[in-house]
There are 8 protein chains.
Amino acid sequence: GWAKIDTGRPERTGAAEAVYAAGKTPEQVVGALRALREAQPGRVALATRCDAACESAVRGAFGDAVLVEAGVCAVGDFPPAEVGPLAVVCAGTSDLPVAREAEFVARANGVEVRLVADVGVAGLHRLLDRVDRLREAACVVVVAGMDGALPSVVAGLVSAPVVAVPTSVGYGAAFGGLAPLLTMLNSCSPGVSVVNIDNGFGAAMAAVRILGVKPGL
Amino acid sequence: GWAKIDTGRPERTGAAEAVYAAGKTPEQVVGALRALREAQPGRVALATRCDAACESAVRGAFGDAVLVEAGVCAVGDFPPAEVGPLAVVCAGTSDLPVAREAEFVARANGVEVRLVADVGVAGLHRLLDRVDRLREAACVVVVAGMDGALPSVVAGLVSAPVVAVPTSVGYGAAFGGLAPLLTMLNSCSPGVSVVNIDNGFGAAMAAVRILGVKPGL
Amino acid sequence: GWAKIDTGRPERTGAAEAVYAAGKTPEQVVGALRALREAQPGRVALATRCDAACESAVRGAFGDAVLVEAGVCAVGDFPPAEVGPLAVVCAGTSDLPVAREAEFVARANGVEVRLVADVGVAGLHRLLDRVDRLREAACVVVVAGMDGALPSVVAGLVSAPVVAVPTSVGYGAAFGGLAPLLTMLNSCSPGVSVVNIDNGFGAAMAAVRILGVKPGL
Amino acid sequence: GWAKIDTGRPERTGAAEAVYAAGKTPEQVVGALRALREAQPGRVALATRCDAACESAVRGAFGDAVLVEAGVCAVGDFPPAEVGPLAVVCAGTSDLPVAREAEFVARANGVEVRLVADVGVAGLHRLLDRVDRLREAACVVVVAGMDGALPSVVAGLVSAPVVAVPTSVGYGAAFGGLAPLLTMLNSCSPGVSVVNIDNGFGAAMAAVRILGVKPGL
Amino acid sequence: GWAKIDTGRPERTGAAEAVYAAGKTPEQVVGALRALREAQPGRVALATRCDAACESAVRGAFGDAVLVEAGVCAVGDFPPAEVGPLAVVCAGTSDLPVAREAEFVARANGVEVRLVADVGVAGLHRLLDRVDRLREAACVVVVAGMDGALPSVVAGLVSAPVVAVPTSVGYGAAFGGLAPLLTMLNSCSPGVSVVNIDNGFGAAMAAVRILGVKPGL
Amino acid sequence: GWAKIDTGRPERTGAAEAVYAAGKTPEQVVGALRALREAQPGRVALATRCDAACESAVRGAFGDAVLVEAGVCAVGDFPPAEVGPLAVVCAGTSDLPVAREAEFVARANGVEVRLVADVGVAGLHRLLDRVDRLREAACVVVVAGMDGALPSVVAGLVSAPVVAVPTSVGYGAAFGGLAPLLTMLNSCSPGVSVVNIDNGFGAAMAAVRILGVKPGL
Amino acid sequence: GWAKIDTGRPERTGAAEAVYAAGKTPEQVVGALRALREAQPGRVALATRCDAACESAVRGAFGDAVLVEAGVCAVGDFPPAEVGPLAVVCAGTSDLPVAREAEFVARANGVEVRLVADVGVAGLHRLLDRVDRLREAACVVVVAGMDGALPSVVAGLVSAPVVAVPTSVGYGAAFGGLAPLLTMLNSCSPGVSVVNIDNGFGAAMAAVRILGVKPGL
Amino acid sequence: GWAKIDTGRPERTGAAEAVYAAGKTPEQVVGALRALREAQPGRVALATRCDAACESAVRGAFGDAVLVEAGVCAVGDFPPAEVGPLAVVCAGTSDLPVAREAEFVARANGVEVRLVADVGVAGLHRLLDRVDRLREAACVVVVAGMDGALPSVVAGLVSAPVVAVPTSVGYGAAFGGLAPLLTMLNSCSPGVSVVNIDNGFGAAMAAVRILGVKPGL
Ligand SMILES: Nc1ncnc2c1ncn2[C@@H]1O[C@H](COP(=O)(O)O)[C@@H](O)[C@H]1O
Ligand SMILES: Nc1ncnc2c1ncn2[C@@H]1O[C@H](COP(=O)(O)O)[C@@H](O)[C@H]1O
Ligand SMILES: Nc1ncnc2c1ncn2[C@@H]1O[C@H](COP(=O)(O)O)[C@@H](O)[C@H]1O
Ligand SMILES: Nc1ncnc2c1ncn2[C@@H]1O[C@H](COP(=O)(O)O)[C@@H](O)[C@H]1O
Ligand SMILES: [Mg+2]
Ligand SMILES: [Mg+2]
Ligand SMILES: [Mg+2]
Ligand SMILES: [Mg+2]
Ligand SMILES: [Mg+2]
Ligand SMILES: [Mg+2]
Ligand SMILES: [Mg+2]
Ligand SMILES: [Mg+2]
């Protein structure tokens, strides 16, 4: 066929390949998942950004082996959670779908995740109440739309790596997530790194790499 | 001459007219200030964004009557401080010139000002230590560059009006102040309003209008 | 549950918390409103940017206690109007929905509001006819799309604080409201401050803060 | 040589060709002017956007035949003013250099010009005082930076064609003239057309075409 | 009611007021047209950017008096064509709706119009074949999307005023008409002025002003 | 004084506070470094983005205790390298200053660093020759301007976390680093996270956090 | 009628004229194809960016003579493949529709094409496996969305001309294809030239021109 | 040392590697040129975007072997011209430096070049006079700033490949070359491909690849 699925990625990069379903036909997505499953039968295979038609094609093809959350179809069993905890923090309830994509993808890669929702900086006490819990995390993903101010505040409170995810939540001068993206890139708290707008998947993948680090000389 | 200085502005809008010196010759600035002084001899006249040549022309023309701070030349006595206090809060030391422009222009319009510097959200305790002081203010001007996150946090802690001033402090994806401007326009704390990048003058003028409010039915 | 509603905001910031309904399920919106009502039974609770499904869920949950205008659902009685008057001025009939959002939210917070519509600068006499009425206002919210020129003209005529709201009315090089947003940020009338595109809610919240000011030394 | 000066343009388009001096060496500018003069000895030749070195080379080459204003070098006699009047209106003193470029280029093409300066919309009475004078003009060029609101107001008051020129006067979110450019393109007064930022030359050329119109069936 | 229709505009600016139907309810559009008709019974009234619902409401209200073309509803008789000819030139067939809006609005204001379609610069002979016809026009409106190159070429061939209209025809880096808009603003042919993207109406209104010019000293 | 240096940051976030020297006077920078040194005498203090005047003031104040590289002044002894190795990879020689900023800041925080320069994707063999060395790194910082393609390629070859730094190297449509910034945010290799343009400092700080991770359940 | 189809283009430019169907009615597209077929009966005529209604009108008008792929309708027989091979390379499966547009248009112009799909730089071995095949091509079209990194890598491996096509595949900071467009314009591999976002047609037309080159002195 | 010069590029890609001198020290540029010369003594080595200091260091190091034009230093003999002719066409005299960079780099790679200057579309006859000469070229590079309209017109007149180079000539809404870049990407003449703003070097390199094509099945 036309597609050369990159079945060797787990070996090279330590994480499962995920099919990007947007712009693909359901048949293409199912075909790509099948190729991944065949190359690595014991490993979960993911497809992100699935719409309803795609989700139903995947369920039709793989039946009970399928779990779906926030547009991500996972085929196969998750590995046991062996690293973490990863804190996925989000500013508002509207950011939840992106936070859930991050949470689900991280779990599918063997990460223990704790979701901390609705702690935006407009009501700072909500965040301050959870600082201890945040400090227990080995890595923190912070998801925020609108002003995107949350990662700056979180990164000033914890010593773990902070991966920031801007979301397209907002309107007008949020310009589809440009506003929080720029905020996060210009964070006054050093050590914040940023992924694409609404890219919960990418933040999870960065966390998977980070939690697999074994530094030492 | 060429210029129709708007000498009636104090009557109409309650605040002194200020000459915008950028793009004007020193002679034009001096001429405009003179016209303002002649129309309203008892009132201080301002010129903003003066460079060294302009400042020295103004000093040459008006001598001891001139006070200069942060590029603003003020000619004439300040009125006594009768309203306030206005808190001018800034995130970092690099934002100080803009904060000082705001402070100076507000004082020149009869406002009592308290400057609170270097309380950026990367070290939240610095701000939290001063919450009581901030709550005493009748109006708060918040000046911040880079991520521009400070107004969202401040506006969640006080009930006074918050006027946010983005600055051009930063580099790269700060895009000359676009980043904090968008942050502030998308503040998740309702009730923040925003002026132009580096526009300490404008924030002070908004504060002067606000502190002159006498609502009542 | 997942959401930590900020029920203490009225105490801290002097205005009701409002739920941002966009990107939330109707259940999430109803849940958030219920939490606000339970924490502060005597206070109206708002949800903004509600679509039809959300509005009908809110009506289903709270029945007669619900008032709806311009996509804002208000649950509970409005406080008596004790401050004002606030003038909400809009340039064209197409800007009315945003002006109405501002008007409704301000009324829900105890502000007396006067709506002045269709006074765009293309026909200046319409505005000049109403200058006296505008000068009676303790605060002015000016709503305009397209060229966004109205706040500059209004702010040159009144001494009250002017909060400008750009709208997405227009097409082509209006770029979804970017054009009037930039116009307003660069107003040649000092003392104009600006909120997000189409953010009638935010302008009302700024006005609520402003009308609550009690400056004095 | 390398350059094919378009010496036939006056015949085709009714106005003198002008050399755009930016990015050219002084020798190239002098050479181009010489070619224009030779092809049309009785016609003035222009070079715009000349810096000091260029201006002095032109003066060196053409001596007394040179007139300079606002960076425009004119070589040769101006034709008598036979059309007009053209009103060139500008919002602030800082916009004067662009207004003067327009004025000078129009005069060099035989147009009678009246300059009306410093009538920005922040002090509307200044403009209203001159409405009668503006209504006498056969064409109006309106020059404004910052919010660029003036053309909308002027076009609502006169029936002549209005050519709007945004300037780079301003800072921050003026983005080098983008703000007034967008304002003018979105003017709520129909019939405003726009030229490039700081393009006083282009506005004058449009006016020359307009004032040469002889419509009739 | 809420709306202050600007019924005096014909007197002040020499052209009919047109209702901008986008963002208005059909009832608001009908109401505004009715007000215009009542104030000036002998004059045609226009509404632009009408969708199907709006068009049908206007037809319901005014019956046989309604003419519709390219989203513009005209109520009342057109004046006889007394000025012109105006050439409306467009680059491609996809630009026709905008060209037709310009043509229809100009005719409704008493202008004789000649439409010259599909003469884009990719096949220059098509344009060169019609140069004589173009040179007969007293004013030229040039409509083009994509590269927007046509006005530069046309303005180099004629001496009449050229009003350029960028369209949103194109995709990708056309960015909704931004590409041809910038092209036209930077035309190397002096004397081109520009209106908003897809603004056939505005170009017609500029032409109406231009064709009404009576310059003379 | 005016500045509230955040001397407690090392405790909270595990890395030294660094002074952002741009926009500060040399005196302000020296004062801030002194405050950091006094609060934590055993810890190195950094100032980034120092110009020559600032560097010389720092050398004047702290003498032999100062090390300078790529605009970063370090005052005090570096801790021994206890974590790593961190690979700092850069695409071209022009990107070296940013890479050196990252290297220096990481070393100052106790990280062992290996610099791999001039391995841009235009000559892929240069990178492929060093894959083994890259795979030894516990974390990889990838610095690239122009097309910014290098992080995508590197992240497909290693399993360590990849922190990407766009640079302002390039011209024209590089738009000051916007091009590589967008490239990196849209990396097709999952798990790349991004810092601000030219922000070698920020990448090092992210690496310091990452190399300090001790995940485990 | 309204349209002046440019039927002489094959003679002038060596390739068939193609109708741009977007923004045209099905009747207009059929009419334009008919004009092309009549002027050059032996030559295939194309319409690009056809939607379903347009495709069905074309099939209705020309019946069996119609071939359709990726929104392109081709009417008439393809010439035999006499030049090539052209390699059309794409990064991901989601880029296939654009690659197929390029492939189909090139074939319709007598080019032999080889499609190489799904060789994105995240899994470099997929591309390296095919380098020999790529080196056989006389011209290479490279299609990629998201980071758009593939053309830089390909152009470093082959000596043939590389025409890069950015696609709108991606989300968030891909900004509808702006990200890969900028990447490709800033390619560090010299000799890459770029066409519009999603413009498979244009890339094919560039390849047709390139493959027709007969350089020689 | 730090730099891995890609000395094998001529073999792989058929053209000389060029050092990008911007952002490099003169020593780094000299070192890179030396490495290229040592690896391929018979081949000319280039450095682009050299400033005066860099140029003088290169002359100091390589003496008589150096030729310099338009900021490009060439070290070593040019190969005989064996392919071509390449036409380098530019719109205005201000575009000459970019055109000369293209010309010089092409000649250094064995291409015969003909420069055709000052044929902008504002005076179409200048271009039409040279169509025959343009049709003799095997490849055409078109250089234009401001409106960037020239490539569309040229590509409609010739069948050779057209590589378009936008320049930063212009001001205001030219936005440093963005305007002609977008124009060219949206060319209505199919088969135009585009390189970066001011990238005469890149256009020449594309031409070198194109002129080396030997298509055939
Ligand atoms: N939601 C997502 N956002 C960003 N990248 C993704 C996402 N899902 C998958 N990817 C990556 O996108 C690349 C291209 O996807 P594909 O087109 O499926 O080959 C793959 O290497 C994936 O790792
Ligand atoms: N720093 C400043 N920023 C923004 N506006 C200003 C500033 N200084 C003065 N202005 C206003 O700019 C307008 C135009 O200034 P002028 O050109 O001096 O008439 C005046 O109405 C001033 O109120
Ligand atoms: N200041 C200016 N702004 C815009 N266009 C100009 C200006 N001055 C001259 N031009 C036009 O720019 C074109 C290119 O100029 P040149 O490079 O001198 O041939 C000429 O056709 C002039 O009519
Ligand atoms: N003027 C230029 N514009 C764009 N790319 C260039 C230019 N000069 C050299 N290059 C390319 O830029 C790449 C990076 O250059 P360097 O940093 O010298 O390794 C090299 O592969 C060159 O081929
Ligand atoms: Mg909330
Ligand atoms: Mg600080
Ligand atoms: Mg109206
Ligand atoms: Mg003034
Ligand atoms: Mg056509
Ligand atoms: Mg290199
Ligand atoms: Mg793939
Ligand atoms: Mg010229």
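What counts as what
- Residues numbered from 1 in each chain as written.
- Chains lettered and ligands numbered in written order.
- Predicted model: local features only at pLDDT ≥ 70, side-chain atom pairs only at ≥ 80, totals over all residues.
- Heavy atoms only, no water.
- Helix = DSSP H or I, 4+ residues; strand = E, 2+ residues; numbered from the N terminus.
- Buried < 20%, exposed > 50% of the residue type's maximum accessible area, 1.4 Å probe, protein only.
- Contact = heavy atoms within 4.5 Å.
- Pairing = 2+ DSSP bridges.
- Axes fitted to C-alpha atoms, helices over the stretch in contact; angles between N-to-C directions.
- Least-squares fit on C-alpha atoms with pLDDT ≥ 70 in both.
- Buried area = accessible area lost by both parts, 1.4 Å probe.
- Salt bridge = Lys/Arg side-chain N within 4 Å of Asp/Glu carboxyl O.
- Polar contact = N/O pair within 3.5 Å; in protein donor to acceptor, adjacent residues only side chain to side chain.
- Nonpolar A, V, L, I, M, F, W, Y, C, P; charged D, E, K, R; others polar.
- 1 Å grid on protein atoms, 1.4 Å probe; cavity = no way out; pocket = protein on both sides within 12 Å on 5 of 7 lines; lining within 4 Å.
- Points joined across faces, edges and corners; volume = space filled by probe spheres on them.

Trainee: Describe the environment of Phe175(G), listing the residues and the values that go with them.
Mentor: Within the secondary structure, Phe175(G) is located in the loop between strand S8 (162-166) and helix H8 (178-185). Owing to a relative accessible area of 28%, Phe175(G) belongs among the partly exposed residues under this scheme. In sequence terms Phe175(G) and Arg59(G) are 116 residues apart; their C-alpha atoms lie 35 Å from each other. When sequence neighbours within four positions are dropped, the list of residues in contact with Phe175(G) reads Leu178(A), Ile197(A) and Leu182(F).

Trainee: Which residues make up the sheet that holds strand S4 (residues 72-75) of chain A, and what values do they have?
Mentor: All names here are of chain A. Taking strand neighbours across the sheet as the criterion, the four strands line up as S1-S2-S4-S3 in an open arrangement whose pairing is mixed. Whereas interior strands pair on both sides, the edge strands pair on one side only; in this sheet they are strand S1 (18-20) and strand S3 (66-69). Each neighbouring strand pair of the sheet contributes to a mean axis angle of 20°, computed without reference to strand direction. In this sheet, S4 lies alongside strand S2 (residues 45-48) in antiparallel orientation, the contact comprising three bridges. Bridge pairing links Ala-45 to Val-75 in S4.

Trainee: Can you break down the relation of the copies chain F and chain A residue by residue, with the values?
Mentor: Between chain F and chain A, the superposition needs a rotation of 180° and an axial shift of 0.0 Å, giving an RMSD of 0.0 Å. The superposition of one copy onto the other is thereby described by a two-fold rotation axis. Here 100% of the interface residues in chain F have copies in chain A that are interface residues too; the copies meet face to matching face.

Trainee: Give a description of the interface of chain F and chain A that names residues and reports values.
Mentor: How large an interface is tends to be reported as the accessible area lost when its parts come together. Listed as interface residues are 42 residues of chain F and, on the opposing side, 42 residues of chain A. Counting the surface lost from both chain F and chain A, the interface buries some 3,300 Å², and carbon and sulfur atoms represent 59% of this. Taken together, the connections running from chain F to chain A amount to zero salt bridges. Summed over the shared surface of chain F and chain A, the result is twelve residue pairs in polar contact (both at pLDDT 80 or more). Every element with two or more residues in the side of chain F that touches chain A is listed here: helix H1 (9-13), strand S5 (83-90), helix H8 (178-185), strand S9 (192-194) and helix H9 (200-211) of chain F. Here the element with the most residues in the side of chain F that touches chain A is H9(F); it accounts for seven residues. Class assignment of the residues belonging to the side of chain F that touches chain A gives a composition of 25 nonpolar, eleven polar and six charged.

Trainee: Describe the layout of surface pockets, and please don't skip the residues or the numbers.
Mentor: The computed volume of the largest pocket comes to approximately 1,400 Å³. In terms of lining, the largest pocket is formed by 36 residues, of which the most central are Leu178(A), Leu178(B), Leu178(E), Leu178(F) and Leu178(G). Contributing elements (two or more residues each) for the lining of the largest pocket: helix H8 (178-185) of chain A, helix H8 (178-185) of chain B, helix H8 (178-185) of chain C, helix H8 (178-185) of chain D, helix H8 (178-185) of chain E, H8 of chain F, H8 of chain G together with helix H8 (178-185) of chain H. By residue class, the composition of the lining of the largest pocket is 36 nonpolar, no polar and no charged.

Trainee: How would you summarise unusual backbone geometry if you had to cite specific residues and measurements?
Mentor: Most of the time, phi is negative for any residue but glycine, and the peptide bond is trans. Looking along the chain, the bond that leaves Gly84(D) and enters Pro85(D) is cis, with omega of -5°. Located in the positive-phi region is Asp198(F), a residue other than glycine, with phi close to 65°. Considering the arrangement of structural elements, one finds Asp198(F) in the loop between S9 and H9. Overall, the relative accessible area of 16% leaves Asp198(F) in the buried class. In this structure, Arg49(H) takes a positive phi of about 55° despite not being glycine. Note on placement: Arg49(H) falls in the loop between strand S2 (45-48) and helix H3 (52-62).

Trainee: Requested: an account of the interface of chain A and chain C, with residues and values cited.
Mentor: Opposite the 18 residues of chain A that make contact, chain C presents 19 residues. Taken together, the two surfaces of chain A and chain C that pack against each other cover about 1,500 Å², and 54% of this comes from carbon and sulfur. When the buried area of chain A at its contact with chain C is split by residue, Thr93(A), Ser94(A) and Tyr171(A) rank highest and sum to 38% of it. Summed over the shared surface of chain A and chain C, the result is zero salt bridges. Joining chain A to chain C, the criterion identifies five residue pairs in polar contact (both at pLDDT 80 or more).

Trainee: Tell me what's going on with the relation of the copies chain A and chain C, and back it up with residues and numbers.
Mentor: When chain A is brought onto chain C, the operation consists of a screw motion whose angular component is 90° and whose axial shift is 0.0 Å, with 0.0 Å RMSD remaining. Accordingly, the operation relating the two chain copies is best matched by a four-fold axis. Among all C-alpha atoms of chain A, that of Phe175(A) lies closest to the rotation axis, at 7.2 Å.

Trainee: Lay out the pairing of strand S3 (residues 66-69) of chain D in plain terms, naming residues and giving numbers.
Mentor: All names here are of chain D. The pairing of S3 with strand S4 (residues 72-75) spans four bridges and is antiparallel. Looking at S4, one finds that Glu-69 is bridged to Val-72. The hairpin turn running from S3 into S4, its antiparallel successor, is two residues long, and Ala-70 in that turn takes a positive phi close to 55°.

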